[in-house]
Amino acid sequence: FANVFNASPKQLTEVEGVSEVTACYIAVIKETWRRYVTSEREVSKIRGVAQAVEYAKALLSYSGVERAMVIYLDFSSSAILVEECNSGQADRVNIEIKNIVSSAMRVNAAAVVMCHTHVKGFAKPSDADDVFTRQLCLALSSVDVVLAEHAIFADSGDVFSYRESGLLAKMQQNYIDYFNVKQR
C-alpha cells in the first residue's frame, strides 16, 4: 500500500490499467494527507523530543527518497516550527547548517530535533551523518541552542537515535570541554 503512495505519477502509469488521471489523483490524495498531518494544528500538539521524533517518523518513513525534517522547540519543549527538506533523490538530501541555525534564531528556539531517512539499508549513521551531526551541534551551541536529537529512520522500520546511543552527549561534552580549555 505504501509503495502506491510513494510512487511517482510516472511510475504509477507504468502499471497496467493506471491512467495519467488516476496517477495524478493518487498523488493529490497523498499530498492532501501529508498536508493534513503537518497542519499547524498537529504541529502545535508536539511536546518534547520523543513526540517530535514520532511526528517526524510518521511523515518521513517509507517515502522512497531521502528526506529530512527539522523541528524547532521552545523553552517549554513545544514545537514552534517544522521545516522539511526533500531532495527528490533516493540517496541523499542536502541540508545547509546555516539555514537551520538561522531558522532557530529567527523563532528563538531553545532546541532542535533533526530527523532524516535512509531509504536503502539500515538506520545506522554514515560517516557523513556523524560529521553533519557534529557540525550542527557545534553551530547550534554557538548560539545557545541545543541539538536535542538527531534520529535516522530506515524503510525497514529501524530507528537510530544519536541521543539514546550516547553519541550526541559525547559531541556536546566535546564542545563544552573545548571551550572550557579555550577560556582558561
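Look up a bit, the structure's there.
Let me sum up the structure you'll find in this document. (Residues numbered from 1 in each chain as written. Predicted model: local features only at pLDDT ≥ 70, side-chain atom pairs only at ≥ 80, totals over all residues. Heavy atoms only, no water.)

## Some remarks on the nonpolar core
If you look at the biggest cluster of nonpolar residues, it comprises 26 residues, and the most contacted ones within it are Tyr72, Ile100, Val112, Met114, Leu136, Leu140 and Leu147. Sorting the residues of this core by element identifies strand S1 (67-73), helix H6 (97-106), strand S3 (111-118), helix H7 (127-141), strand S4 (146-154) and helix H9 (167-183) as the ones contributing at least two each. Those residues in contact with Val112 that lie beyond four places of it in its chain are Val70, Ile71, Tyr72, Ile100, Ala104, Leu140, Val145, Val146, Leu147, Ala148 and Glu149. With 19 residues, the next largest nonpolar core counts Ile46, Val53, Met69 and Val113 among its residues. (Core = buried A, V, L, I, M, F, W, Y, C linked by side-chain atoms within 4.5 Å. Buried < 20%, exposed > 50% of the residue type's maximum accessible area, 1.4 Å probe, protein only. Helix = DSSP H or I, 4+ residues; strand = E, 2+ residues; numbered from the N terminus. Contact = heavy atoms within 4.5 Å.)

## A word on the pairing of S4
The buried fraction of S4 amounts to eight of the nine residues, a majority that puts the element mostly inside the structure. Judged from the eight bridges that link them, S3 and S4 form a sheet pairing that is parallel. Bridging from a neighbouring strand, Thr117 pairs with Phe153 of S4. Handedness of the crossover joining S3 and S4 through H7: right-handed. The sheet contact formed by S4 and strand S5 (residues 159-161) spans three bridges and is antiparallel. If you follow Ala151 over to S5, its bridge partner there is Ser161. From the end of S4 to the start of S5, which pair antiparallel, there are four residues, and Gly157 there has a positive phi angle of about 100 degrees. (Pairing = 2+ DSSP bridges. Right-handed = clockwise from strand over helix to strand, strands pointing away.)

## Description of the pairing of S1
Each regular strand displays side chains that alternate between the two surfaces of the sheet. Within S1, seven of the seven residues are buried, which leaves the element mostly enclosed by the surrounding structure. Covered by surrounding structure in S1 are Arg67, Met69, Ile71 and Leu73 together with Ala68, Val70 and Tyr72, the residues of both alternating faces. Bridge count for S1 against S3 is six bridges, and the pairing is antiparallel. Looking across to S3, one finds that Val70 is bridged to Met114.

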